[in-house]
Amino acid sequence: MTEETVDHASHEKKEPTRRDFLFLTAGAVGAVGTAYFAWPFIDSMSPAADILAQSTVDVDLSPIPAGQAITVVWRGKPIFVRRRTPEEITMAEQVPLSALIDPETDQARVKTGHNEWLIVIGICTHLGCIPTGNKPTQDRGKYGGWACPCHGSLYDTSGRVRRGPAPLNLGIPPYTFLTATHIRIGVNEVSHG
Amino acid sequence: MDRLTKVVRWIDYRLPFFSFIDHELREYPTPRNLNYWWNFGSLAGITLVIMILSGIFLAMHYEPDTKLAFDSVEYIMRNVNYGWLMRYLHANGATMFFIVVYIHMFRGLYYGSYKSPRELLWMLGVVILLLMMATAFMGYVLPWGQMSYWGATVITNLFSVFPFGETIVEWLWGGFSVDNPTLNRFFALHYLFPFLIVGVVILHLIALHQHGSNNPLGIDRKEPRDSLPFHPYYTVKDLFGLGIFALVWAYFIFFNPNFFGEPDNYIPANPLVTPPHIVPEWYFLPFYAILRSIPNKLLGVIAMFGAVFVLFFLPWLDTSKVRSATFRPVYKWIFWGFVVDCFILGCVGAHSPDYIYDNLGGLSNQILGQVTTLLYFGFFFIALPLLGLYEKPNPLPKSLSEPVLKGKKKKSVEIQSALFALCFLSITPLYGTDSPPLPHEVWSFQGPFGTYDRADLQHGFQVYKEVCSVCHSLSQIRFRDLAALGYSVEEIKAIAAEYKVDAIDDEGNPIEKTALPTDKIPGPYKNEQAARAANNGALPPDLSLMTKARVGGPDYVYALLTGYELTPPKDIHIAEGMHYNPFFPGEQIAMTPPLSEGLVTYSDGAQPNVNQMAKDVVSFLSWTAEPELEVRKQTGYMVLIYFIVFTILMYFIMKRVWARVK
Ligand code: FES
């Protein structure tokens, strides 16, 4: 102990800068190393390569009659694929944007030339419940789209939220029309299928 | 007094966390003369932490189910981000842990660190060793390869020698053989035991801090200047040691990850076939050798357990009052003899019992094992008790601060390193393998800088597709993985479209649909029975891991493919439907010579000969076995450079800090 105090003083006076520099470098090197060491552990919990690759689902639309919908699973999420009647389309197109909680036109939510088909992620934007209304027997709420059983959010025939507490419209997954009656969910252009 | 100090004071007054750390890690008085052999305790602690961390993250992906376990490990290697790094870190970590702990124990043995008042400290260490052995054994079972399965079978059967043995073994298994219940409980316990180790390590440290570390002179500290505060003197020395240790560990992870592993463990467990040459991991080899050298089952098992349990009694078997071997002229030599004996036992365990050492005048492994086993126990039961009575120790120095003459001390260090080298040299005649020599080929992916040649891989894939895939599956590979061979997305889609995979249609009927890039490459047969029926009862093995699953790796597969001989030597009788191939174990193989001139025309128009085809397909299979090889080596260089810088830095800081005392 005695030695430490004695030598400490003499050395510190002689070369404070070189010592500080050495210690600072060591500290920095240690910090960088720890961060790099932590990264593989953290990243190992992100989706694995095969899960990322399992990202497309092909759906045959032909069996769906007008006014009805089916649910398909994409990336573990329910996707609502709904064939809208002409009345439902008009209803969706005629709502003034000012009446919407999350203003968005109906055209922006469907593919041009395929506006009969509404394809949305079937997860309520409030806290993640699955809204009802995809089966003919289920309640669609007064806006004719979907109704969330958890806290009463209502969606219209364009999948837009019309009554809270949900803050946003139902999400649109990336998808693309392979033919007039076939879609591929998960990609926006065919070539990357 | 700033805010932070205030908060620290407030907490410390109620929960003395900070003063505890300060007391036990910073100012903790440590003998001033500890040498580098004292680094291994802290290294063991760090290794334990890294093992627990990597283990927890591996457990997030591993499936303890006999049907899924093997594939889930390959899933970790191929699909999980940095999964290969986690697994190789953990698998090689077990080896590193035992190296460090064994050195730590030999250090204790040399310097008498188990003597009064440190008997309990030593015994807690032996408890840690036992827990480590159990943990390592159960961990080795988890990948559910052939060695896992048969290791589990053999080790659990050891308990059958005890009274009610049959019942005990069935209780351990949870069934009538090693099976799913066994795997499940091993996984649960493999996760639990490391935390028990942490608990015992804490007790080990409490016992250590009671009387402080022993030291190379083995005498008690008498005055304050015999000690130094732990921080910074030993923290920085430990960090320097950590740098070197990390370099060794990293070398194995990134450049030789399967060095300590057995190729057989890349073959999925098969309860009906025992591998021809079954060995435990290296750290169990000496004990395994003791088990085998005693021809009686019960006595063998007792001797094996005894070889570990005798360590509990070490403090009382050694009757000498002098701790450090530095002052024990006879024990010093006996100690090194014991180290060599342990190494030889390891070699004995690695060879089969009937192995003959030709270069040692035809010495049989059995005899060597029996002699070294006797010496092992002789050390504890004869040498240690008698030495204390008859050995005349050299005079001890008065205090740590006035040690023996400087020159003499230097010399003893040199003698020590010479002896250490001698240990390794003395057993070189015992090295050598049981397997026949293979012709060596040059592979582009070998060596620390090796990479795959994309053109070779594509050619090899073509050979696989057009020739091998008629009988052999490639179950670990998905079509999209072929991107690594340089194929574009479109090309991969086209390749996948040539295959059909099973699916269920909307009415629930089984159908076949065109394969997608995300599908696994379908094998040629629906199931094992179909495969055997089509091949005379032989099962064409899956090729995904072939080059990792055979001794000799790519060289072996290449030799096998090109080694067929039409006319077998006269003294060999070839059975109906078999073919002569000197490189196949047993020299008779059911596979017809698969490659012949002009069998495949490469897409670039080349007409390869048999050797070229074999070379290409082996390159391809090396890729299927180790798709991470290139990124592994690249990462390895970064890690090595980092730790070289780290170590140099720590070296200079250490010199600087220690300049105050010297
Ligand atoms: S989750 Fe749908 S309304 Fe709350």
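Each chain carries its own residue numbering, running from 1 in the direction its sequence is written. Naming scheme: in the order in which they are written, chains are lettered from A and ligands are numbered from 1. Totals for whole chains, interfaces and linings use every residue, but because this is a predicted model, local features are given only for residues with pLDDT of at least 70 and side-chain atom pairs only at 80 or more, for both listing and counting. To get the side-chain values, all heavy atoms of the structure are used, and hydrogens and water are removed first.

### Regarding the overall build of chain A
Part 1: Helix and strand counts for chain A stand at four helices and nine strands.
Part 2: Strands here mean DSSP runs of E at least two residues long; helices mean DSSP runs of H or I at least four residues long; both are numbered from the N terminus. Moving toward the C terminus, one meets the helices and strands of chain A in the order α-α-α-β-β-β-α-β-β-β-β-β-β.
Part 3: What sets the accessible areas is the Shrake-Rupley method with a 1.4 Å probe; for residues, cover comes only from the shown protein chains. When the accessible surface of chain A is summed, it comes to about 10,200 Å², and 61% of that surface belongs to carbon and sulfur atoms.

### Notes on the overall build of chain B
Part 1: Counting its regular elements, chain B contains 22 helices and eight strands.
Part 2: For the radius of gyration, the atom set is restricted to C-alpha positions; the globular benchmark scales as 2.2 Å times the number of residues to the power 0.38. Taken over the C-alpha trace, chain B has a radius of gyration of 29 Å; the compact-globule value for 662 residues is 26 Å, and the two agree within 12%.
Part 3: Dimensions of chain B along its principal axes, counting C-alpha atoms only, are 85 × 70 × 50 Å.
Part 4: Think of it in three bands: residues with accessible area under 20% of the maximum for their type are buried, residues over 50% are exposed, and the middle band is partly exposed, with areas taken using a 1.4 Å probe on protein chains only. The proportion of buried residues among the 662 residues of chain B is 48%.
Part 5: Whether two residues touch is decided by their heavy atoms; if any such pair falls within 4.5 Å, the residues are in contact. When contacts within chain B are restricted to residue pairs at least 6 apart in sequence, long-range pairs at least 24 apart make up 77% of them.
Part 6: Total accessible area on chain B is roughly 32,400 Å²; 67% of this is exposed by carbon and sulfur atoms.
Part 7: Taking the average place of the 50 positive charges on the side chains of chain B and the average place of its 55 negative ones, the gap between the two points comes to 18 Å. Under the convention used here, Asp and Glu are negative, Lys and Arg are positive, and both His and the chain ends fall outside the count. Charge placement uses NZ in Lys and CZ in Arg. For Asp and Glu, CG and CD serve respectively.

### Notes on the packing of aromatic side chains
Part 1: Put simply, two rings from Phe, Tyr or Trp (the six-membered ring, in Trp's case) pair if the centres are within 6.5 Å, and we call them stacked under 30 degrees between planes, edge-to-face over 60, tilted for the rest. Counting across every chain of the model gives 66 aromatic pairs over all chains.
Part 2: The interplanar angle of 35 degrees and the centroid separation of 5.6 Å between the aromatic rings of Phe252(B) and Phe259(B) together place this pair among those described as tilted.
Part 3: Consider the ring centre and the ring normal. A charge sits over the ring if Lys NZ or Arg CZ is within 6 Å of that centre and within 35 degrees of that normal. When the ring centre of Tyr175(A) is taken as origin, the NZ or CZ atom of Lys111(A), which lies over that ring, is 4.6 Å away.
Part 4: The ring of Tyr36(B) has Lys237(B) sitting right over it, with the charged end atom 4.7 Å from the ring centre.

### A look at the interface of chain A and chain B
Part 1: Chain A puts 34 residues into the contact, and the matching count from chain B is 35 residues.
Part 2: Just to be clear on terms, a salt bridge is a Lys or Arg side-chain nitrogen sitting within 4 Å of an Asp or Glu carboxyl oxygen. In this assembly, chain A and chain B are joined by one salt bridge.
Part 3: The residue Arg478(B) makes a salt bridge to Asp50(A) at a minimum N-O spacing of 3.9 Å.
Part 4: Two N or O atoms form a polar contact when they lie within 3.5 Å of each other; inside protein one atom must be a possible hydrogen donor and the other a possible acceptor, and for residues adjacent in sequence the pair counts only when both atoms belong to side chains. If you look at where chain A meets chain B, you find eight residue pairs in polar contact (both at pLDDT 80 or more).
Part 5: For the side of chain A that touches chain B, the elements supplying multiple residues, two or more each, are α1 (2–14), α2 (16–43) and α3 (49–53) of chain A.

### Focus on the sheet that holds strand β5 (residues 144–147) of chain A
Residue and element names in this part refer to chain A.
Part 1: DSSP-based pairing: two strands are paired if at least 2 bridges between them are found. Strand order in the open sheet formed by three strands is β5-β6-β7, and the pairing between neighbours is antiparallel. Taken across any chain shown, the strands that pair with only one partner, and hence form the sheet edges, are β5 and β7 (161–163). Ignoring which end each strand starts from, the neighbouring axes of this sheet average 40 degrees apart.
Part 2: As paired strands, β5 and strand β6 (residues 154–156) are joined by three bridges and run antiparallel to one another. Considered in β6, the bridge of Gly 144 is made with Asp 156. For helices, the axis comes from a line fit to the C-alpha atoms of the stretch in contact; other axes are also lines fit to C-alpha atoms, and the angle between any two N-to-C directions lies between 0 and 180 degrees.

### A look at a nonpolar patch on the surface
Residues and elements named next belong to chain B.
Part 1: Only residues whose relative accessible area exceeds 30% and that form no salt bridge enter a patch; like-charged residues are grouped when within 9 Å of one another, and nonpolar side chains (Val, Leu, Ile, Met, Phe, Trp, Tyr) when within 5 Å. A surface patch of nonpolar side chains, about 570 Å² in accessible area, is lined by Leu 15, Phe 17, Phe 18, Phe 20, Ile 21 and Leu 25.
Part 2: Positionally, Phe 17 belongs in helix α2 (residues 17–26).
Part 3: On the accessibility criterion, Phe 17 (44% relative accessible area) is partly exposed.

### Looking at the side chain of Thr182(B)
Part 1: Mapped onto the elements, Thr182(B) comes out in helix α9 (residues 180–211).
Part 2: Polar contacts involving the side chain of Thr182(B) include one to the main-chain carbonyl oxygen of Trp173(B), which spans 2.9 Å.

### A look at the confidence of the model for chain B
Part 1: pLDDT: the predictor's confidence for each residue, scored from 0 to 100. Considering every residue of chain B, the mean pLDDT works out to 89; 96% of them sit at 70 or more.
Part 2: Quick note on the complex model: pTM equals 0.88, ipTM equals 0.83.

### A closer look at the state of the cysteines
Part 1: A pair of sulfur atoms, both from cysteines and within 2.5 Å, is called a disulfide here. For the structure shown, the criterion picks out one disulfide over all chains.
Part 2: Paired by a disulfide, Cys129(A) and Cys150(A) hold their sulfur atoms 1.9 Å apart. As the torsion about the S-S bond is roughly -95 degrees, the Cys129(A)-Cys150(A) disulfide counts as left-handed. Taken as a pair, Cys129(A) in the loop between β4 (117–121) and β5 and Cys150(A) in the loop between β5 and β6 lie far apart in primary sequence, 21 residues in all.
Part 3: With relative accessibility at 36%, the residue Cys150(A) sits in the partly exposed group.
Part 4: Residue Cys471(B) stays outside any disulfide, its sulfur separated by 9.1 Å from that of Cys468(B), the closest cysteine.
Part 5: What makes Cys471(B) partly exposed here is its relative accessible area of 27%.

### A closer look at the confidence of the model for chain A
Residues and elements named next belong to chain A.
Part 1: Averaged over every residue, the pLDDT of chain A is 82; residues scoring 70 or more account for 88%.
Part 2: Averaged pLDDT values for the elements of chain A fall to 42 in α1 and rise to 91 in β4.
Part 3: Throughout residues 1–14 the model reports pLDDT below 50, and contacts reaching past four residues in sequence, or to other chains, amount to 16 contacts.

### Focus on the pattern of salt bridges
All names here are of chain A.
Part 1: This model, assessed by the stated rule, comprises 25 salt bridges over all chains.
Part 2: Linking Asp 106 and Arg 84 is a salt bridge whose minimum nitrogen-to-oxygen distance equals 2.9 Å. One end of the pair, Asp 106, is in the loop between α4 (86–94) and β4; the other, Arg 84, is in the loop between β3 (77–83) and α4, with 22 residues separating them in the sequence. Arg 84 shares its class with Asp 106; the two are buried.

### Observations concerning the packing of helix α5 (residues 83–111) of chain B against helix α14 (residues 329–350) of chain B
Residues and elements named next belong to chain B.
Part 1: For the pair α5 and α14, the least separation of the axes is 10 Å and the interaxial angle reads 155 degrees. With respect to their mutual orientation, α5 and α14 come out roughly antiparallel. By crossing handedness, the relation of α5 to α14 is classed as right-handed. Within the contact between the two elements, α5 uses Phe 106, Leu 109 and Tyr 110 and α14 uses Tyr 331, Lys 332, Phe 335, Trp 336, Phe 338, Val 339 and Cys 342.
Part 2: The classification used treats Ala, Val, Leu, Ile, Met, Phe, Trp, Tyr, Cys and Pro as nonpolar, Asp, Glu, Lys and Arg as charged, and all other residues, Gly among them, as polar. Among the residues forming the contact of α5 with α14, the class breakdown is nine nonpolar, no polar and one charged. For classification, angles of less than 35 degrees are called roughly parallel, those exceeding 145 degrees roughly antiparallel, those between 65 and 115 degrees roughly perpendicular, and all remaining angles oblique. Here a crossing is taken to be left-handed if its near helix is turned anticlockwise relative to the far helix by less than a right angle, and right-handed if that turn runs clockwise.

### Quick word on the sheet that holds strand β2 (residues 69–74) of chain A
Residue and element names in this part refer to chain A.
Part 1: Read across the sheet, three strands follow the order β2-β3-β4 without closing on themselves; strand pairing throughout is antiparallel. Of all strands in the sheet, those with a lone pairing partner are β2 and β4, marking the two edges. The mean angle between the axes of side-by-side strands here comes to 25 degrees, regardless of whether they run parallel or antiparallel.
Part 2: With six bridges connecting them, β2 and β3 associate as antiparallel partners. Bridge assignment links Ile 70 to a residue of β3, and that residue is Val 81.

### A look at unusual backbone geometry
Part 1: Residues Gly164(A) and Pro165(A) are joined by a peptide bond in cis, for which omega reads 5 degrees.
Part 2: In this structure, Pro165(A) sits in the loop between β7 and β8 (175–179).
Part 3: Despite not being glycine, Tyr82(B) has its phi angle at roughly 60 degrees, a positive value.
Part 4: Along the chain, Tyr82(B) falls in the loop between α4 (69–78) and α5.
Part 5: You can call Tyr82(B) partly exposed: its relative accessible area is 28%.
Part 6: Notably, Asn536(B) is not glycine yet its phi reads approximately 65 degrees, a positive angle.
Part 7: Tracing the backbone through its elements, the reader meets Asn536(B) in the loop between α19 (528–534) and α20 (553–562).
Part 8: By relative accessible area, which is 74% here, Asn536(B) ends up exposed.

### Examining the side chain of Asp50(A)
Part 1: Tracing the backbone through its elements, the reader meets Asp50(A) in helix α3.
Part 2: You can call Asp50(A) buried: its relative accessible area is 10%.
Part 3: One polar contact links Asp50(A) to Tyr75(B), side chain to side chain, over a distance of 2.4 Å.
Part 4: Sequence-distant contacts of Asp50(A), that is, excluding residues within four places in its chain, are made with Tyr75(B), Asn79(B), Arg478(B) and Arg480(B).

### Details of the packing of helix α6 (residues 119–141) of chain B against α9(B)
All names here are of chain B.
Part 1: Viewed as axis vectors pointing N to C, α6 and α9 meet at an angle of 160 degrees, and their least axial separation amounts to 9 Å. As judged from the angle between their axes, α6 and α9 are roughly antiparallel. As for how α6 packs across α9, the hand of that crossing is left-handed.
Part 2: The class makeup of the residues in the contact of α6 with α9 is 22 nonpolar, five polar and no charged.

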